Structure formats: structure tokens, C-alpha cells
Amino acid sequence: MAWYTKDYSYPVPRWKFPFRLKDENGKSYTGENAFNNRAKLGWIDVDAPSTIDPDTQKMYWSGVDWVVYPIPESELLAANTAAWAAVREARDFDLQASDWSQMPVSDVVINTINISSNSEISLAVGDTITSDSITGSISRVVEANTSAAIIKVSVGSDISEGATITFNSNDMTFDRTADSVTSSAAYGYHDSYTDASAEWATYRQELRDLPSTTANAHAVVWPMRPE
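Residues numbered from 1 in each chain as written. Predicted model: local features only at pLDDT ≥ 70, side-chain atom pairs only at ≥ 80, totals over all residues. Heavy atoms only, no water.

## Some words on the overall build of the protein
- Counting its secondary structure elements, the protein contains three helices and 13 strands.
- Relative to the compact-globule value of 17 Å for 227 residues, the protein shows a C-alpha radius of gyration of 33 Å, a clear excess of over 25%.
- Its C-alpha atoms put the protein at 95 × 45 × 25 Å along the principal axes.
- Here the protein holds 227 residues, and 33% of them are scored as buried.
- Of the contacts formed within the protein by residues at least 6 apart in sequence, a portion of 56% connects residues at least 24 apart.
- In the protein, the 17 positive side-chain charges and the 31 negative ones have mean positions that sit 17 Å from each other. (Helix = DSSP H or I, 4+ residues; strand = E, 2+ residues; numbered from the N terminus. Rg over C-alpha atoms; globule rule 2.2 N^0.38 Å. Buried < 20%, exposed > 50% of the residue type's maximum accessible area, 1.4 Å probe, protein only. Contact = heavy atoms within 4.5 Å. Lys, Arg positive; Asp, Glu negative; His and termini not counted. Charge placed at Lys NZ, Arg CZ, Asp CG, Glu CD.)

What follows is the structure in C-alpha cells.
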């Protein structure tokens, strides 16, 4: 496929070819008429640029043809050094951003509660709950549909299996039974609590290992951030 140049200028593909051209007498040619008369108007067909490996090669237009040349070793080394520096910077940012996941929170217990019901359940993060003397709010809805729900509740102590839980949601109050409860220590801050500290610890260790676990700074496989 050809490209087109005039007076040694950088070539253009067909879709960039000028819509309007004038000859030496000032006569205008437009659209296909301009393209079909390109030789008369001083335009030359040239080869399209070849495909190069951008990691190892560069290309420029000399005014006559395309010139492909290898990227100097010093330039490759500098680019690779900069890429690794960017990887480490991104890794350090992710480590700093996840510090909260390793901070234990005193007087907070995360209860994972399975609730079933024969009627529709509509629950959302932030809905308040009461069970006996325990009051708190839903920190996460793991699963919810019209007949069952799994929620995580951040409160001051364990909620008992079989306990009645009163929900306050959208100015509505209703009771449900905690069919099963799993209690875990809370980690985090500013109400961003998690009970998956081991998963976060693994994630953070994989971040620390990154420089030695990938060979190509331009194709890093980042660890999956826990939900």
C-alpha cells in the first residue's frame, strides 16, 4: 500500500491525502480529482512504512525513503532502567495504600452472618443493625437476593448464631434470624474494615517480591488486590 509525499515532506496515507490541491496556474482539484491528478501536482507515491519492533528499532523518513535503525544500547539501557524505576514506584504506592489492611482495630469484630427469609430482603452497606445490646452497621453485603443474604457487620462483639437481628434500612425496620455467624478480628481504619488480613499480607508480600519475580519491566503481572 502506497503513501504519498511532495517536496520530500513526511509521507501521508491515503486517508490523510489533501482534499483540495492547486496547480501552478491556480486551478483547484478536489476529492478524487485531486488524488487522481497527484503526479501532475507534484506528489510521489512511496512505500508505506514497514513494521518495526518498537522495543529495539526506530524509523525515520529521510526525504527519500524510510530508514530503520537499531536503538543504541545506551538508550535501551536507560529506558529499561526508567521502566524498572516506574515499576518500583507503582509497587511502593500500592504498598503504602494498603498499609491500613495490616492495622488491627481494637473493640471491633467483623461478623459474617448468613440470613435467610421467605420474604424479600433489601440490604445495603451502612444499614444499621441491633442484636440484643449490640448495635452496628453493615460494612459489606457479600451476597443478597430476594430470599437470602450474607452480610458483614462491624460491631463491638460477637453476634450469636440464632440471634434476632433488627435492621433499619431506608426508614424501614424488620427482624431476621442469624442462621450462621463467623466472627473475625477487624483490620483497617476509618470504618474501612476487613477480616481478610492474611489475604492482604500475601498480596503485600507479592508486591515486595515484584522486582525479582518478573523479567520484563514492560510486561509486569501485578498481584490481584483482595476485595
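## Side note on the packing of helix H2 (residues 73–97) against helix H3 (residues 197–213)
- Viewed as axis vectors pointing N to C, H2 and H3 meet at an angle of 165 degrees, and their least axial separation amounts to 9 Å. Considering the angle they form, H2 stands roughly antiparallel to H3. Crossing of H2 over H3 shows left-handed handedness. Between H2, through Trp84, Arg88, Arg91, Asp94 and Leu95, and H3, the contact on the second element is made entirely by Tyr203, Arg204, Leu207, Arg208 and Pro211.
- When its residues are assigned to classes, the contact of H2 with H3 shows five nonpolar, no polar and five charged. (Axes fitted to C-alpha atoms, helices over the stretch in contact; angles between N-to-C directions. Parallel < 35°, antiparallel > 145°, perpendicular 65-115°, else oblique. Left-handed = near helix turned anticlockwise from the far one by under 90°. Nonpolar A, V, L, I, M, F, W, Y, C, P; charged D, E, K, R; others polar.)

## Overview of the environment of Ser160
- Mapped onto the elements, Ser160 comes out in the loop between strand E10 (148–155) and strand E11 (164–169).
- Each C-alpha atom of the pair Ser160 and Val181 lies 6.8 Å from the other, and the pair is 21 residues apart in sequence.
- Sequence-distant contacts of Ser160, defined by excluding residues within four places in its chain, comprise Ala178 and Val181.

## Things to note about H2
- Under the 1.5 Å per step criterion, the end-to-end length of H2 is 36 Å for 25 residues, consistent within 8% with the ideal 36 Å.
- Looking at H2, one finds that the buried residues are Ala83, Trp84, Val87, Arg91 and Leu95.
- Packing partners of the buried residues in H2 comprise H3. (Expected span 1.5 Å × (residues − 1).)

## A word on the pattern of salt bridges
- One pass over the structure, following the stated rule, counts six salt bridges.
- The salt bridge involving Arg14 is made with Glu32; its shortest N-O contact spans 2.6 Å. In this pair, Arg14 sits in the loop between strand E1 (2–6) and strand E2 (20–22) while Glu32 sits in helix H1 (residues 31–36), placing the two residues 18 residues apart along the sequence.
- Put simply, Arg91 and Asp92 hold a salt bridge, and the shortest N to O gap is 2.8 Å.
- On the basis of relative accessibility, which here comes to 38%, the residue Asp92 falls in the partly exposed class. (Salt bridge = Lys/Arg side-chain N within 4 Å of Asp/Glu carboxyl O.)

## Some remarks on the packing of aromatic side chains
- Tallying each qualifying case throughout the model produces eleven aromatic pairs.
- Relative to Phe17, the ring of Tyr4 lies with its centre 5.7 Å away and its plane at 85 degrees, an arrangement referred to as edge-to-face. Of this pair, Tyr4 sits in strand E1 while Phe17 is found in the loop between E1 and E2, placing the two residues 13 residues apart along the sequence.
- What makes Tyr4 buried here is its relative accessible area of 7%. (Phe/Tyr/Trp six-rings, centres within 6.5 Å; stacked < 30°, edge-to-face > 60°.)

## Regarding the environment of Pro70
- Of note, Pro70 is situated in strand E6 (residues 66–70).
- For the pair Pro70 and Ser116, spaced 46 residues apart in sequence, the C-alpha separation works out to 66 Å.
- Filtering out sequence-adjacent residues up to four positions away, Pro70 remains in contact with Thr56 and Gln57.

## Here we look at the side chain of Ser131
- Within the secondary structure, Ser131 sits in strand E8 (residues 128–131).
- Of the polar contacts made by the side chain of Ser131, one reaches the backbone oxygen of Thr164; its length is 3.3 Å.
- With near-sequence residues (within four places) excluded, Ser131 lies in contact with Ile159, Ala163, Thr164 and Ile165. (Polar contact = N/O pair within 3.5 Å; in protein donor to acceptor, adjacent residues only side chain to side chain.)

## Focus on the nonpolar core
- The biggest cluster of nonpolar side chains holds 17 residues, and the ones touching the most others in it are Ile113, Ile129, Ile151, Ile159 and Phe167.
- Elements supplying a minimum of two residues to this core: strand E7 (104–116), strand E9 (134–144), E10, E11 and strand E12 (172–189).
- For this core, the element with the most residues is E10, which contributes four residues.
- Among all residues touching Phe167, those that are not within four sequence positions of it are Ile115, Leu123, Thr128, Ile129, Ile138, Ile151, Met172, Thr173, Phe174 and Arg176.
- If you look at the next biggest cluster of nonpolar residues, it comprises twelve residues, including Ala83, Trp100, Trp200 and Ala217. (Core = buried A, V, L, I, M, F, W, Y, C linked by side-chain atoms within 4.5 Å.)

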